[in-house]
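Working through the structure, step by step
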Amino acid sequence: MRIRATMAAVTGALALTALAVPAAQAAPNSGTPYTLNVSFSNVSIAKAVKVGTTSEVSVSYAYTLTHGSTVNIAAKDFYTGAFLYHGTYGDTAPRLYGDNPATCTATSSTTATCKGSVDIHPADGDLQNAWAGSWSVGGVAIAFNGQSQSNPDMSKVGFKEQGGLGTTLVQRNSKLTTSVSSTSVYKGKSVTVSGKLSRANWQDHLYHGFSGVPVKLQFRKAGTSTYTTVKTVYTDSYGNLKTTATVNYSGYWRYSFGGYSTTPAVSATGVYVAAK
């Protein structure tokens, strides 16, 4: 079940919204959680995550959990995991969690390697377009210590959350096409190369043209493996591309977009044009 949606124990201004406890069990009670003796380090996560309009995307992570000797990470009511947050670290920052807690394997009496995934559901409204780009990584752990999770004494519950553990890019996925006016052209004559660059809109769950963006027109001679840039073309207000190029050799034409922090690089499939 969804970590972010299933943990809602709150005491004062502290929202424990990060761990896989059934929603019915998340009712807060008296007291304030004590600071759990754990820390997070050595976080590894993908450099970038491409997210489209509807399909769930999961990004794996791993980290080292260091804990005090009295913290029982093998307990059934101990939970930990990593999460992503956008902007300044704090309770109000947009966050992305996993569907399940991390799985931890002890490497010593006070350390463990924990692995899991952040699961992004764009169709459920997880993301807004303005949030595309850099996200930071945080870690969270909670120990209920045998307390009833439906009615805990929060003063006996340990909690620790830590931000600034790493970064990744959460990007609006991009698509790029290429087509040609003719697949057979006399040497020295021109061919018209068209295409379209579009990217995911996380708010209406459709792909729209990406306007005013520089895209490279590239050519690969038949029998070779490397594309060479011929010119740079800018998309129009609908994301469309159109230009002409001289055909001197048989080979493949394509458009290639270099990408931004908010939008991943993408190259279209090459289209073959024979030089007669």
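Residues numbered from 1 in each chain as written. Predicted model: local features only at pLDDT ≥ 70, side-chain atom pairs only at ≥ 80, totals over all residues. Heavy atoms only, no water.

Turning next to the overall build of the protein. Helix and strand content of the protein: one helix and 23 strands. For the protein, buried positions account for 46% of its 276 residues. Partitioning the contacts of the protein with sequence separation of at least 6, the portion at a separation of at least 24 is 65%. Element-wise, carbon and sulfur atoms account for 49% of the exposed surface of the protein, whose accessible area totals about 12,700 Å². (Helix = DSSP H or I, 4+ residues; strand = E, 2+ residues; numbered from the N terminus. Buried < 20%, exposed > 50% of the residue type's maximum accessible area, 1.4 Å probe, protein only. Contact = heavy atoms within 4.5 Å. Areas by Shrake-Rupley, 256 points an atom, 1.4 Å probe, with all protein chains shown as cover.)

Right, let's get into unusual backbone geometry. Within the chain, Asn42 stands out as a residue other than glycine whose phi angle is a positive 55 degrees. Assignment of secondary structure puts Asn42 in strand β4 (residues 38-45). The backbone of His205 shows a phi angle near 65 degrees, a positive value even though the residue is not glycine. Classification of His205 by relative accessible area gives partly exposed; the value is 25%.

Before going further, it helps to spend a moment on the pairing of strand β7 (residues 78-85). Remember that side chains alternate between the two faces of the sheet whenever the strand is regular. Burial analysis of β7 places eight of its eight residues in the buried class, the great majority of the element. Inspection of the sheet shows β7 paired to strand β11 (residues 133-143) by eight bridges, in the antiparallel sense. Paired with Gly81 across the two strands is Val140, which belongs to β11. Pairing of β7 with strand β8 (residues 95-96) involves two bridges; the strand directions are antiparallel. Looking at β8, one finds that Leu84 is bridged to Leu96. (Pairing = 2+ DSSP bridges.)

Turning our attention to the confidence of the model for the protein. A residue-level look at the protein finds 89% of positions with pLDDT of 70 or above and a mean pLDDT of 90. Contacts from residues 1-28, a stretch scored under 50 in pLDDT, to residues over four places away or in other chains number 81 contacts. (pLDDT = per-residue confidence, 0-100.)

Turning our attention to the environment of Thr178. Summarising the element assignment, Thr178 is placed in strand β14 (residues 174-180). By relative accessible area, which is 14% here, Thr178 ends up buried. When the C-alpha positions of Thr178 and Trp253 are compared, they lie 7.8 Å apart, and in sequence the two are 75 residues distant. Sequence-distant contacts of Thr178, defined by excluding residues within four places in its chain, comprise Val193, Ser194, Gly195, Trp253, Arg254, Tyr255, Ala268, Thr269 and Val271.

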